[in-house]
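If you want the building blocks of each chain, they are given just below.
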Amino acid sequence: MKRKLSFLVGIAVGIALTVGFISLVAATPTEEISPVKARERAVYAPNSEDLGPEEMRVIACGTGMPTQRLAQAAACFLVELGNGDKFIFDIGEGGAERLASLEIPYDWLDKVFIGHLHGDHFGDLGALFVGGGIAGRHSPLRIWGPSGATPELGTAAAVEHMEKMFAWDIAGRLGQTDIRGFTTEVHEFDYKQAQIIYEENGVTIRSWPAIHAIDGAVSFSLEWAGLKFVFSSDTFPNRWYNEYAQGADLAIHECFIAVPDLIEKFRLTPEAALQVGTQIHTPPEAFGKVMSTIQPRMAVAYHFFKDHDTTGPVLERIRKTYDGPLSLAEDLMVWNITKDKITERVAVVNEHSWNPPQVTPAIPVRAEDRVGYSPEIWAGRFDDVDDVIKPIYEEAGEALGREFPYPSDE
Ligand SMILES: [Zn+2]
Ligand SMILES: [Zn+2]
């Protein structure tokens, strides 16, 4: 009897498997797989895809935390629009490197919106200022950021001091390379107001207050061609985000590591973990509540170290309060957004890519602009190397058909 039963069960399982297999085969596209033709790829390779006239592409150039790790830079998101405009939202440490891997000419990476002045949200501004200025941005770096409770806590003061910090860097480049990009254009706006801070070329960017650490943090939305991108920077859940993020196509909001992991893995004291993880930032359960309130087409959680053992707890806690579309962000995640569709992929970048082409050509430098050396430093030059360096000037002259005077002969 027992044997008969197991035989019948065996037949039933066999039938179920066969039916399952047949339906699987039927669901497979009939498109022929060729050994020589490329198939559609599920990755984004920079500089390989056109952007549609009404399409938005968002790339995570940093999704991590204020401490450094190779896998995740600190906060940085790039928004590219089908009208050609590009915007950087936050530029935390390591963000400039990810931006560089996207092979975008630096003339187009000239607009930065900073949500607050924590290092993990603007710590790579200097890298973009200097590196972008050398690599092809021949115009000021345009920066939008909030005021602070006092003038010295605002964006204008921070950028002014950044430029002062680079005094030697800039002096050392005068007359050596085209340094027209080594200037800034700062637009500091009132952190307390919900307001439009940018309106050009059909693009509207708004800012509103965030609640994070002290006064002076804000969040942003970007609207263009009927699409809406929202970026929290850092904040405790707040009523402004709930209001102004309504109708978002892509809503990015911070989502901090769960408190137990802040204690065990991030090594905070329990008191600090509770304060930082639930009062300064947004814990996953609260992120879920925010998203359930605004119901975006796609919710994006960022600002946690995404590991095999942290992703599960974060997701589980979010799912207690939100069951809609969700991306758990990691560096180089890419979203293509149109009115009909949102796709999520990961960019595969060339770690060895060089500077992209310059849109605005560099202008020749003038030797008379050089700051130069004091006589005692100049006198320390090893003269014997002139014999081997002079031919490099001659070689360049022959190759390019004009004369390049050797500096010590001038
Ligand atoms: Zn912060
Ligand atoms: Zn942060």
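In this report, the structure presented in the accompanying data block is examined. Every chain is numbered independently, its residues counted from 1 as its sequence is written. In the order they appear in the text, chains get letters beginning with A and ligands get numbers beginning with 1. Totals for whole chains, interfaces and linings use every residue, but because this is a predicted model, local features are given only for residues with pLDDT of at least 70 and side-chain atom pairs only at 80 or more, for both listing and counting. Here the side-chain values reflect all heavy atoms present in the structure, with hydrogen atoms and water set aside.

## With respect to the coordination of the zinc ion (ligand 1)
As a reminder, the rule being used: Note on donors: an N, O or S atom is included if it sits within 2.8 Å of the metal, or within 3.2 Å for Na, K and Ca, and water is never included, so sites can look incomplete. Tetrahedral means four donors with every angle between 85 and 135 degrees, whereas square planar (four donors) and octahedral (six donors) require angles over 155 degrees between opposite donors and between 65 and 115 for all others; sites fitting neither are termed irregular. For each residue, the accessible area found with a 1.4 Å probe, counting protein chains only, is set against the maximum for its type, and the residue is called buried under 20%, exposed over 50%, and partly exposed in between.
Within the protein, His116 (NE2), His118 (ND1), His212 (NE2) and Asp234 (OD) serve as the donor atoms for the zinc ion (ligand 1), at 2.1 to 2.3 Å. Seen from the zinc ion (ligand 1), its four donor atoms lie at angles of 91 to 165 degrees, and the figure they make is irregular. For the zinc ion (ligand 1), all donor residues lie on one chain, and their spacing in sequence is H-x1-H-x93-H-x21-D. According to the relative accessible area criterion, His116 is buried, its value standing at 4%. Using a relative accessible area of 1% as the deciding quantity, one classes Asp234 as buried.

## Quick word on the nonpolar core
Keep this limit in mind: What we call a nonpolar core is a set of buried Ala, Val, Leu, Ile, Met, Phe, Trp, Tyr and Cys residues that are connected through their side-chain atoms within 4.5 Å. Numbering goes from the N terminus for both helices and strands, where a helix is a DSSP run of H or I of at least four residues and a strand is a run of E of at least two. The criterion used for residue contact is that any of the two residues' heavy atoms lie within 4.5 Å.
Judged by nonpolar contacts, the single largest core of 34 residues is most densely connected at Val58, Phe89, Ile205, Leu222, Phe229 and Trp335. Counting residues per element, this core draws most heavily on strand 10 (residues 218–224), at four residues. Apart from the residues within four sequence positions on either side, Val58 is in contact with Phe77, Leu78, Val79, Phe229, Leu250, Ile252, Met333, Val334, Trp335 and Ile337.

## A look at the coordination of the zinc ion (ligand 2)
Surrounding the zinc ion (ligand 2) are the protein donor atoms Asp120 (OD), His121 (NE2), Asp234 (OD) and His303 (NE2), at 2.0 to 2.2 Å. Taken together, the four donor atoms coordinating the zinc ion (ligand 2) span angles of 85 to 159 degrees at the metal, a pattern that classifies the geometry as irregular. As a motif over one chain, the donors of the zinc ion (ligand 2) read D-H-x112-D-x68-H. Separating the zinc ion (ligand 2) from the zinc ion (ligand 1) is a gap of 3.3 Å, bridged by Asp234, which donates to each. For the pair shown, Asp120 and His121 are each scored as buried.

## A look at the packing of helix 10 (residues 284–294) against helix 11 (residues 311–319)
Going by this rule: For helices, the fitted line uses only the C-alpha atoms of the stretch in contact; every axis is such a line through C-alpha atoms, and the angle between N-to-C directions lies from 0 to 180 degrees. Each angle gets one of four labels, with under 35 degrees taken as roughly parallel, over 145 as roughly antiparallel, 65 to 115 as roughly perpendicular, and the rest as oblique. Crossings are classed by handedness, with left-handed meaning an anticlockwise turn of the near helix from the far one by less than a right angle and right-handed meaning a clockwise turn.
Packing of helix 10 against helix 11 brings their axes to within 7 Å, and their N-to-C directions diverge by 45 degrees. Relative to helix 11, the element helix 10 is oriented oblique. Relative to helix 11, helix 10 is oriented so that their crossing is right-handed. Seen from helix 10, the contacting residues are Pro284, Glu285, Phe287 and Gly288; seen from helix 11, they are Val314, Arg317 and Ile318.

## Here's the deal with the sheet that holds strand 12 (residues 250–254)
Just so we agree on the cut-off: Strand pairing follows a simple DSSP-based rule, namely that at least 2 bridges must link the two strands.
Taken in spatial order, the seven strands of this open sheet run 8-9-10-11-12-13-14, and their pairing is mixed. The sheet is open, and its two edges are formed by strand 8 (195–200) and strand 14 (326–328), each paired on a single side. The average undirected angle you get between the axes of adjacent strands in this sheet is 15 degrees. In this structure, strand 10 lies alongside strand 11 (residues 227–231), joined through five bridges in antiparallel fashion. For Phe220, the partnering residue across the bridge sits in strand 11 and is Phe231. Seen against the sheet, helix 10 touches strand 12, strand 13 (298–302) and strand 14 and runs at an angle of roughly 155 degrees to strand 12.

## A closer look at helix 13 (residues 386–400)
Where we set the bar: Expected span of a helix, by definition, is 1.5 Å for each gap between consecutive residues, and there is one gap fewer than residues.
Look at helix 13: 21 Å from first C-alpha to last across 15 residues, which is about the 21 Å you get at 1.5 Å a residue. Directly after helix 13, the chain includes Gly401, whose backbone phi takes a positive value near 70 degrees.

## Some thoughts on the pattern of salt bridges
Our working rule: The salt bridge definition used is simple: a Lys or Arg side-chain nitrogen within 4 Å of an Asp or Glu carboxyl oxygen.
Tallying each qualifying case throughout the model produces 19 salt bridges. A salt bridge links Lys265 to Asp309; the shortest N-O distance between them is 2.8 Å. With a gap of 44 residues between them, Lys265 in the loop between helix 8 (259–264) and helix 9 (270–280) and Asp309 in the loop between strand 13 and helix 11 connect regions that are remote in the sequence. Given a relative accessible area of 31%, Asp309 falls into the partly exposed group. The salt bridge involving Arg317 is made with Glu285; its shortest N-O contact spans 2.7 Å. Placement of the pair is Arg317 in helix 11 and Glu285 in helix 10, with a sequence separation of 32 residues.

## Some remarks on the packing of aromatic side chains
Rules: What counts as a ring pair is set by centres within 6.5 Å for rings of Phe, Tyr and Trp (its six-membered ring), and what kind of pair is set by the plane angle: stacked under 30 degrees, edge-to-face over 60, tilted for all other angles.
Under the counting rule described, the total for this entry stands at 21 aromatic pairs. For the pair Trp208 and Tyr241, a centre-to-centre distance of 6.3 Å together with 65 degrees between the ring planes defines the contact as edge-to-face. Linking Trp208 in strand 9 (residues 203–209) with Tyr241 in helix 7 (residues 239–244), this pair joins segments that are 33 residues apart in sequence. Taken individually, Trp208 and Tyr241 each receive the classification buried, so the pair is uniform in this respect. Ring geometry for Trp208 versus Tyr244: centroids 5.3 Å apart, planes at 25 degrees, classification stacked. Highlighted residues: Trp208 in strand 9 and Tyr244 in helix 7, separated in sequence by 36 residues.

None of the figures reported here should be taken as evidence of function without further support.
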